[in-house]
Amino acid sequence: MVCTEDEIPPGTHKVFPIGRHGVGVYNVNGAFYAIANYCPHEGGPLCTGRVHGRSVVSDDAPGGASVIRDGEFVYCPWHQWGFEIATGTTAVKPEWSIRTYPVKVLDHKVIVTA
Amino acid sequence: MRTAVIRVNLNPAGDLPGDRLAAAVEELRSSGLEVIAPDFTRVPAHAREIELLLPGEDTAVLSAWAADRCARALGASGPVAGAATFLSRGTDEDALGVVSAFGLTATIERTWNNDQEEIVTVTIPRAGARRAPESRLHTALEAALNAEVRIVYA
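These numbers come from a predicted model, not from an experiment.

## Quick look at the sheet that holds strand β6 (residues 118–124) of chain B
All names here are of chain B. Across the sheet, 3 strands lie side by side as β5-β6-β7; this open sheet has mixed pairing. Edge positions in the sheet fall to β5 (107–112) and β7 (148–153), since each of these pairs with one other strand and no more. For this sheet the average axis-to-axis angle between neighbouring strands, irrespective of direction, equals 25°. Sheet topology note: the β5/β6 ladder contains 6 bridges and is antiparallel. In the strand pairing of β6, Arg 110 is matched with Val 120. Here helix α4 (residues 134–145) sits on the sheet and contacts β6 and β7; the angle it forms with β7, its principal contact strand, is near 140°.

So this is what it looks like as structure tokens:
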């Protein structure tokens, strides 16, 4: 158990000392995910980065791009590489997979399992 | 076995209503598949992409299966599989998968130091040392394992 459910409201996260680099536990619209705090690009502290959506081409939108799935991606503060929090992956670099951990919520307790 | 993340654009033409796509996702989930899907009302019509989490290694086979399965759930042809990636749960298979993505082979050995911190030694044939920059491989492995990684060439 790392914390109680109310300590990580939707749209927020906390980093816990799990593994070599720590693990960020995120509440994404009520679903909890855990991802290693380490960017596969150059080793930046991924979980200190901003949480946002991802851009897609959209001819109808101003600037020709829209942001979709807001709050489901984390961007490394060093070089802005973005990763899907749920899977720890990016379609841009398929060879990169950030370790993710299954998360359970039991009796309002958030449990990260290895 | 590794878990692949197969991306499928359900309707690249953007001509189907969102509730039909949502019904297809529900059908996929009710059949036991793990699916990550956006709120289709908040995504441009041509970019309504979902992700299927499937056990397996062969992304070509999995992508073809996923596109076909989505077409059946949708009751229409047209779903197109996109980029495929792999989840990492920090297993040896995951580490070897990362190594293979760099075109290399390796053996994995896990040990623990006196502080009970895990150390993963990845041994790569010396002939492969020139195929991939060691620093790139090292950060990729540390991210996939969240453990100390030591690369040795033998």
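## Topic: the interface of chain A and chain B
With 28 residues of chain A at the contact, the number on the chain B side is 31 residues. Sorting elements by how many residues they give to the side of chain A that touches chain B places strand β6 (residues 65–75) of chain A first, with 3 residues. Each residue belonging to the side of chain A that touches chain B can be placed in one class, and the counts come to 12 nonpolar, 11 polar and 5 charged.

## Points about the packing of helix α1 (residues 18–30) of chain B against helix α2 (residues 59–74) of chain B
All names here are of chain B. Direction vectors running N to C along α1 and α2 enclose 115°, while the axes themselves pass 8 Å from each other. Remark: the crossing between α1 and α2 carries right-handed chirality. Within the contact between the two elements, α1 uses Arg 20, Ala 24, Glu 27 and Leu 28 and α2 uses Cys 70, Ala 73 and Leu 74. Of the residues assigned to the contact of α1 with α2, the class counts are 5 nonpolar, no polar and 2 charged.

## Observations concerning unusual backbone geometry
Although it is not a glycine, Asn 29 of chain A adopts a positive phi angle of roughly 55°. Examined against the element boundaries, Asn 29 of chain A turns out to sit in the loop between β3 (23–28) and β4 (31–36). The class for Asn 29 of chain A is exposed, based on 11 C-beta atoms found within 10 Å. The residue Asn 146 of chain B is not glycine, and still its phi comes out positive at about 50°. Summarising the element assignment, Asn 146 of chain B is placed in the loop between α4 and β7.

## Details of the sheet that holds strand β10 (residues 109–112) of chain A
Residues and elements named next belong to chain A. Pairing in this open sheet of 3 strands is antiparallel, and the strands run β1-β10-β9 from one edge to the other. What marks the edges here is a single partner per strand, and that holds for β1 (3–4) and β9 (103–106). Alignment of β1 against β10, held across 2 bridges, turns out to be antiparallel. Bridge pairing in β10 links Cys 3 to Val 110.

## What about the confidence of the model for chain B?
Of all residues in chain B, 100% attain a pLDDT of 70 or more, and the chain-wide mean is 95. The complex prediction reports pTM at 0.93, with the ipTM value standing at 0.93.

## Topic: the environment of Val 23 of chain A
Take Val 23 of chain A: it is sitting in strand β3. Spatially, the C-alpha atom of Val 23 of chain A lies 15 Å from that of Glu 84 of chain A, the residues being 61 residues apart in sequence.

## Thoughts on α4 of chain B
With 12 residues, α4 of chain B extends 16 Å between its outermost C-alpha atoms, agreeing within 8% with the 16 Å of an ideal straight helix rising 1.5 Å per residue. Remark: Asn 146 of chain B follows α4 of chain B within two positions and exhibits a positive phi of approximately 50°.

The rules we used
- Residues numbered from 1 in each chain as written.
- Chains lettered and ligands numbered in written order.
- Predicted model: local features only at pLDDT ≥ 70, side-chain atom pairs only at ≥ 80, totals over all residues.
- Pairing = 2+ DSSP bridges.
- Helix = DSSP H or I, 4+ residues; strand = E, 2+ residues; numbered from the N terminus.
- Axes fitted to C-alpha atoms, helices over the stretch in contact; angles between N-to-C directions.
- Contact = placed C-beta atoms within 7 Å.
- Nonpolar A, V, L, I, M, F, W, Y, C, P; charged D, E, K, R; others polar.
- Left-handed = near helix turned anticlockwise from the far one by under 90°.
- Buried ≥ 20, exposed ≤ 12 C-beta atoms within 10 Å, placed from the backbone.
- pLDDT = per-residue confidence, 0-100.
- Expected span 1.5 Å × (residues − 1).

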